[in-house]
Amino acid sequence: MVDPGLVVVDKAPGMTSHDVVARVRRLAGTRKVGHAGTLDPMATGVLVLGVDRATRLLGHLMLTEKAYDATIRLGVSTTTDDAEGEVTATHAVDGVREDVVRDELARFVGHIEQVPTAVSAIKVDGKRAYARVRDGEQVELKPRPVTIHELVVHEVALPDVRISVRCSSGTYIRAIARDLGAALGVGGHLTALRRTAVGPFDLSVARTLDQLADDFSVLPIADAARASFASVDLDDEQAGHVRVGRGLDVVLPGEGPHAVFAPDGEFLALYEQRGEQARPVAVFV
């Protein structure tokens with residue numbers, strides 16, 4: 001079995017996130033593998049997996065920002081807001097102007113309220129929304145606050161619009177396609193989606209499953225923690241307190257979780273500031 005750490009996969013189209021986890025379980029020789037945020041079967045790109053106790057990092061990584069490349073097709077609406085759904089309406093796009101498309105997309109940037117796509121994994125009365133849609137139910141989800149940090153329009157070649165998006169976790173790119181089409185009065189859906197980054201992990205460090213099958217290795221948990229969180233190096237006495245989950249009489253340099261390390265570089269825990277003390281969020285030793 002491999003040491004605990006992260007595996008950054010470049011997911012191929014047609015696979016579910018669970019398919020990727022199952023393959024990595026076999027390659028790693030352990031069932032303790034999880035992922036930080038799903039990707040639809042149609043989507044490709046960065047999927048961050050944790051192996052062994054590094055799976056406990058994933059919940060914190062899921063809260064970080066993500067980046068995507070996407071292609072929106074205007075003039076066609078679908079049940080899933082992407083190309084895998086059934087067509088529900090079509091409209092001509094002859095009257096759509098490029099400058100209006102760009103202006104409407106600019107309105108998405110910033111803090112917005114977004115209605116998730118109906119086929120999301122959000123639970124409605126204990127049942128996933130996508131399961132309710134699959135069973136023929138009408139699903140209406142409430143708007144949720146998300147942040148679009150950046151939206152770059154690369155090309156408007158109607159009916160297709162190519163964009164890149166950097167956004168908060170919980171943002172649905174399919175919903176951007178749907179809402180752009182609605183704003184233009186012609187409908188729209190997503191035809192291609194590639195996740196290019198999850199937090200500090202981007203395509204430059206991602207490997208395909210075939211590459212991992214030839215040479216399987218993980219990013220050690222200490223390196224993953226340093227890459228993902230602000231880091232604090234402790235002395236021996238402080239490290240001893242952390243090992244038993246005690247608070248530290250220190251002021252951390254920033255907000256949110258910080259990765260704390262023993263003098264020998266061992267990753268010990270995630271701590272965050274609570275009043276005058278730093279308190280444990282999750283201890284890994």
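Rules behind the numbers
- Residues numbered from 1 in each chain as written.
- Predicted model: local features only at pLDDT ≥ 70, side-chain atom pairs only at ≥ 80, totals over all residues.
- Heavy atoms only, no water.
- Helix = DSSP H or I, 4+ residues; strand = E, 2+ residues; numbered from the N terminus.
- Buried < 20%, exposed > 50% of the residue type's maximum accessible area, 1.4 Å probe, protein only.
- Contact = heavy atoms within 4.5 Å.
- Phe/Tyr/Trp six-rings, centres within 6.5 Å; stacked < 30°, edge-to-face > 60°.
- Lys NZ or Arg CZ within 6 Å of the ring centre and 35° of its normal.
- Salt bridge = Lys/Arg side-chain N within 4 Å of Asp/Glu carboxyl O.
- Patch = residues over 30% accessible without salt bridge, like charges linked within 9 Å, V, L, I, M, F, W, Y side chains within 5 Å.
- Areas by Shrake-Rupley, 256 points an atom, 1.4 Å probe, with all protein chains shown as cover.
- Lys, Arg positive; Asp, Glu negative; His and termini not counted.
- Charge placed at Lys NZ, Arg CZ, Asp CG, Glu CD.
- Pairing = 2+ DSSP bridges.
- Axes fitted to C-alpha atoms, helices over the stretch in contact; angles between N-to-C directions.

Focus on the overall build of the protein chain
The secondary structure content of the protein chain amounts to eight helices and 18 strands. Taking the principal axes of its C-alpha atoms as reference, the protein chain extends roughly 70 × 45 × 40 Å. Here the protein chain holds 285 residues, and the buried ones make up 48% of them. Look at the contacts in the protein chain between residues 6 or more apart in sequence, and 67% of them connect residues 24 or more apart.

Here's the deal with the packing of aromatic side chains
Summed over all chains, the structure comprises two aromatic pairs. Relative to F267, the ring of F261 has its centre 5.6 Å away and its plane inclined at 50°; by these criteria the two rings are tilted. For F267, a relative accessible area of 3% gives the class buried. A connected cluster of aromatic rings, assembled from ring pairs, spans F261, F267 and F284. Cation over ring: R226 sits above F261, and NZ or CZ is 3.8 Å from the ring centre.

Observations concerning the environment of V48
Its location among the elements puts V48 in strand β3 (residues 44-51). Separated by 151 residues in the primary sequence, V48 and G199 place their C-alpha atoms 9.8 Å from one another. Setting aside chain neighbours within four positions, we find V48 in contact with L6, V7, G34, H35, A36, L58, L61, V198 and F201.

Digging into the pattern of salt bridges
This model, assessed by the stated rule, comprises 16 salt bridges. When the shortest N-O distance is used, the salt bridge between E155 and R162 registers 3.2 Å. The partly exposed category is assigned to E155, whose relative accessible area is 37%. Of the charged contacts, one joins R243 and E266 as a salt bridge, the two residues approaching to 2.9 Å between their closest N and O atoms. Taken together, the positions of R243 in helix α8 (residues 236-243) and E266 in the loop between β16 (258-261) and β17 (267-274) put the pair 23 residues apart, joining distant regions of the chain. Given a relative accessible area of 27%, E266 falls into the partly exposed group.

Observations concerning a negative patch on the surface
Negative charge collects at one region of the surface, where D235, D236, E237 and D264 lie side by side. Take D264: it is sitting in the loop between β16 and β17. Exposure remark for D264: the relative accessible area of 64% places this residue in the exposed category.

Regarding the sheet that holds strand β18 (residues 277-283)
Read from one edge of the open sheet, four strands run β15-β16-β17-β18, paired in mixed fashion. The open sheet has two free edges, formed respectively by β15 (230-233) and β18, since each of these has just one partner strand. Each strand axis lies, on average, 40° off the axis of its neighbour in the sheet, ignoring direction. In this structure, β16 lies alongside β17, joined through four bridges in antiparallel fashion. When the bridges of β17 are listed, V260 appears paired with A269. Contacts from helix α7 (residues 221-228) reach β15, β16 and β17 within the one sheet, and its direction differs from that of β16 by about 140°.

A short note on unusual backbone geometry
Excluding glycine, a negative phi dihedral is what most residues carry, and trans is how most peptide bonds are arranged. The peptide bond linking L158 to P159 adopts the cis configuration, its omega dihedral lying at 15°. On the secondary structure map, P159 appears in the loop between β10 (144-157) and β11 (160-167). Its identity as a non-glycine residue notwithstanding, D52 has a phi of 60°, on the positive side. Assignment of secondary structure puts D52 in the loop between β3 and α2 (55-61).

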